[in-house]
Amino acid sequence: MSLVDVTRDVQLAWTVAQALPEREVALRDRLRAHITVLAAPAEAYARSLPAGGHQHVLLRDVHRARTAATDGPGTTPPGEYLMQLAEHVKTLARYALAERRRHPG
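Overview of the structure. Since the structure is predicted, the reported quantities are computational estimates derived from the model, not experimental observations.

## Some words on the layout of surface pockets
Step number 1: Each pocket or cavity is described by its volume, and for the largest pocket that value is around 170 Å³.
Step number 2: Every residue lining the largest pocket is listed: Met1, Ser2, Leu3, Val6, Val37, Leu38, Pro41, Ala93, Ala96, Leu97 and Arg100.
Step number 3: When contributions to the lining of the largest pocket are tallied by element, the ones reaching two or more residues are helix H1 (3-19), helix H2 (24-48) and helix H4 (78-102).
Step number 4: Looking at which element gives the most residues to the lining of the largest pocket, the answer is H4, with four residues.

This is the structure we're talking about:
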């Protein structure tokens, strides 16, 4: 998975949520998979920060993303759920990229 793939799927989520509901299931599954892959390095980055408010916010973001990916939409409309997943993916990708920069190679 590359950052380009993640970015593409985030953008596609917005398109699907607004115009192509029949593609929602496949994209939802891909976004959930991105969350699964990105959560560990995002959490590692968050834990590398000094304890306190900023670390707490990042860890909360990781937890919320994992919860959204595993619990499903509940009563949230499918399009809105896709947008939520896309936002989680975008956030986790930023944190995972920061973690990759801490440990290049």
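## Examining the packing of H2 against H4
Step number 1: The N-to-C vectors of H2 and H4 enclose an angle of 35°; their axes lie 7 Å apart at closest approach. Crossing handedness for the pair H2 and H4: left-handed.

## Notes on the packing of helix H3 (residues 53-71) against H4
Step number 1: Direction vectors running N to C along H3 and H4 enclose 140°, while the axes themselves pass 10 Å from each other. If you check the angle between H3 and H4, you find them oblique. As H3 packs across H4, the resulting crossing turns out to be left-handed. Side by side, H3 and H4 meet where Leu58, Asp61, Val62, Arg64, Ala65, Ala68 and Ala69 of the first sit next to Tyr81, Leu85, His88, Thr91, Leu92 and Tyr95 of the second.
Step number 2: Grouping the constituent residues of the contact of H3 with H4 by class yields nine nonpolar, two polar and two charged.

## Observations regarding the side chain of Asp61
Step number 1: For Asp61, the position within the fold is in helix H3.
Step number 2: With near-sequence residues (within four places) excluded, Asp61 lies in contact with Thr91 and Tyr95.

## So, the pattern of salt bridges
Step number 1: Summed over all chains, the structure comprises nine salt bridges.
Step number 2: In this structure, Asp9 and Arg8 form a salt bridge, with 3.1 Å as the shortest nitrogen-oxygen distance.
Step number 3: Taking the relative accessible area as the measure of exposure, Asp9 reaches 1% and is therefore buried.
Step number 4: Here Arg8 falls in the partly exposed class, since its relative accessible area comes to 45%.
Step number 5: A salt bridge links Arg30 to Asp9, with the shortest nitrogen-to-oxygen separation between them at 3.0 Å. Taken together, the residues span a long stretch of sequence, with Arg30 in helix H2 and Asp9 in helix H1 at a distance of 21 residues.
Step number 6: The exposure class of Arg30 is partly exposed, given its relative accessible area of 33%.
Step number 7: Where salt bridges share partners, they join Asp5, Arg8, Asp9 and Arg30 into one cluster.

The rules behind these values
Sequence order as written defines the numbering, with residues in each chain counted from 1. The model is predicted, so local features are restricted to residues of pLDDT at least 70 and side-chain atom pairs to those at 80 or more, both for listing and for counting; the totals for chains, interfaces and linings are taken over all residues. Hydrogens and waters are ignored; side-chain quantities use all the structure's heavy atoms. Both cavities and pockets are sets of points on a 1 Å grid over the protein atoms alone; in a cavity a 1.4 Å probe fits but cannot get out, in a pocket the set is open with protein on both sides within 12 Å along at least five of seven lines, and lining residues sit with an atom within 4 Å of a point. Grid points are joined across faces, edges and corners, and a volume is the space filled by probe spheres set on the points. Counting from the N terminus, the helices are the DSSP runs of H or I reaching at least four residues and the strands are the DSSP runs of E reaching at least two. Inter-axis angles, ranging from 0 to 180 degrees, are taken between N-to-C directions of lines fitted to C-alpha atoms, where helices are fitted over the stretch in contact. Crossing handedness follows the turn of the near helix against the far one: under a right angle anticlockwise gives a left-handed crossing, and clockwise gives a right-handed one. Should an angle fall under 35 degrees it is taken as roughly parallel, and over 145 as roughly antiparallel, whereas 65 to 115 is taken as roughly perpendicular and any remaining angle as oblique. We call two residues in contact whenever any of their non-hydrogen atoms come within 4.5 Å of each other. Gly counts as polar in this scheme, as do all residues outside two lists: the nonpolar Ala, Val, Leu, Ile, Met, Phe, Trp, Tyr, Cys and Pro, and the charged Asp, Glu, Lys and Arg. In what follows, salt bridge is the name for a side-chain nitrogen of Lys or Arg lying within 4 Å of a carboxyl oxygen of Asp or Glu. Three exposure classes are used, based on accessible area relative to the maximum for each residue type with a 1.4 Å probe and protein chains only: buried under 20%, partly exposed in between, and exposed over 50%.

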